[in-house]
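Observations on the three-dimensional arrangement
Each chain, letter by letter, is given below.
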Amino acid sequence: MRFVKLAVRAVRLYSGGRPPAPLGGRILTDPHDIFQHNMWDHVHWTEEERENARQKAEENSKEKIPVEEQPKYDREAHKYWDRFYETHQSKFFRNRNWLFTEFPELLPPDSAGMDIPEPDSCSESGKQPCGSSTLTSDTDTFPGQHAAFRILEVGCGAGNSVFPIISTIRGSKAFLYCCDFSSRAVELIQEHTDYDPSLCHAFVRDICDTTSPFPFPPEGLDIILVVFVLSAIHPARAQGVVKSLAGQLKKGGIVLFRDYGRYDLSQLRFKKGQCLSENFYTRQDGTCVYFFTKDEVHHLFSNAGLEEIQNLEDRRLQVNRGKKVVMHRVWMQSKYRKPYLIPASV
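Residues numbered from 1 in each chain as written. Predicted model: local features only at pLDDT ≥ 70, side-chain atom pairs only at ≥ 80, totals over all residues. Heavy atoms only, no water.

**Quick notes on the pairing of strand 10 (residues 307-320)**
Bridge analysis of strand 1 (residues 39-40) against strand 10 gives 2 bridges, and the strand direction is antiparallel. By the bridge assignment for strand 10, methionine 39 is matched with glutamine 318. As paired strands, strand 10 and strand 11 (residues 325-337) are joined by 13 bridges and run antiparallel to one another. The residue of strand 11 that forms the bridge with glutamate 313 is methionine 332. Connecting strand 10 to the antiparallel partner strand 11 that follows it, the hairpin turn spans 4 residues, and lysine 324 within it adopts a positive phi of roughly 55°. (Pairing = 2+ DSSP bridges. Helix = DSSP H or I, 4+ residues; strand = E, 2+ residues; numbered from the N terminus.)

**Brief notes about the packing of aromatic side chains**
Taken as a whole and judged by the stated rule, the model has 14 aromatic pairs. On the basis of an interplanar angle of 20° and a centroid distance of 5.3 Å, the ring pair of phenylalanine 214 and phenylalanine 216 is categorised as stacked. Residue phenylalanine 214 is classed as buried on the basis of its relative accessible area of 4%. Note on phenylalanine 270 and tyrosine 281: the rings are 4.4 Å apart at their centroids and 10° apart in plane angle, and the pair reads as stacked. Taken together, the residues span a long stretch of sequence, with phenylalanine 270 in the loop between helix 9 (265-268) and strand 7 (275-277) and tyrosine 281 in strand 8 (residues 280-282) at a distance of 11 residues. (Phe/Tyr/Trp six-rings, centres within 6.5 Å; stacked < 30°, edge-to-face > 60°. Buried < 20%, exposed > 50% of the residue type's maximum accessible area, 1.4 Å probe, protein only.)

**Some remarks on the pairing of strand 3 (residues 174-180)**
Strand 3 sits mainly inside the fold: 7 of its 7 residues count as buried. Examined bridge by bridge, strand 2 (residues 149-154) and strand 3 share 6 bridges and lie parallel to one another. Within the sheet, the bridge partner assigned to phenylalanine 149 lies in strand 3 and is alanine 174. A crossover connection joins strand 2 to the parallel strand 3 through helix 6 (residues 162-169); in handedness this β-α-β unit is right-handed. Sheet analysis places strand 3 next to strand 4 (residues 200-204), joined by 5 bridges and oriented parallel. Note that in strand 4 the partner of tyrosine 177 across the bridge is histidine 201. Handedness of the strand 3-helix 7 (residues 183-191)-strand 4 crossover: right-handed. (Right-handed = clockwise from strand over helix to strand, strands pointing away.)

Here is the structure:
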């Protein structure tokens, strides 16, 4: 409860709804202190470090997967992710309790006076079967139709964002939609003891399918959460996905984005023969990952008609204090808003 109340207080006190110290405030000022903590924020790379990273990425990209084999990673992606969640269940990723510090926009407008429970404290409730949900017209009834604040998480996985959000919005006028194209991932969410259909609707959805309807009317969302999702799809599809998602936002609605950045440690660790195309790789389990730059992120969202609120490169130094090893992590974190007034085309 204390954690969420602090997030609520940050929304009250700081203009623009932003936390006081985006991307953390643990700064390494004395190199002798490097092994005092597991992570340092806002790390600046030297020119030598940047060049070494570029060379490693260039080297591991020289030997690419044969062109005739590449389409299967896109065509059969759902099989690889189903297998991933069948193997790891909900134990691979930790719950993202940092969401409300970095993305206070997720907090419903009526949450200021709420006594919000801590994550993972929701009571058991009913379940509903896994399956794709569609809405045939704006007049149909739909899940969350009475909500005053609607959130969609795309690529929700096994619920590492879902359940902290459900816990936080309980007692408010908010509703959460969450989707994944892995039916096994959606089943894991619906089987969870904290899944509550009165607060959340989980459904199977391939976000690369930009023609099928969502289970809510267009332009009906206040927030869309896109966390480590766009990197998993083919880069040629990313623009169409973002444009489709932008069409689901209300005017003034916001996309909250976080994903892998160029030259992150995980990119540099790939071996030769795992590269599909420039900065796009496949892991041993068949799942794929792309590594973004700030300019690429900006172009994706601005080309979809959204205006920039925040577009940050999150550079951190991860420390293994036992082995005395330091590792550079790079993530992108961005916020883009649908304008209240759409400019007339010239």
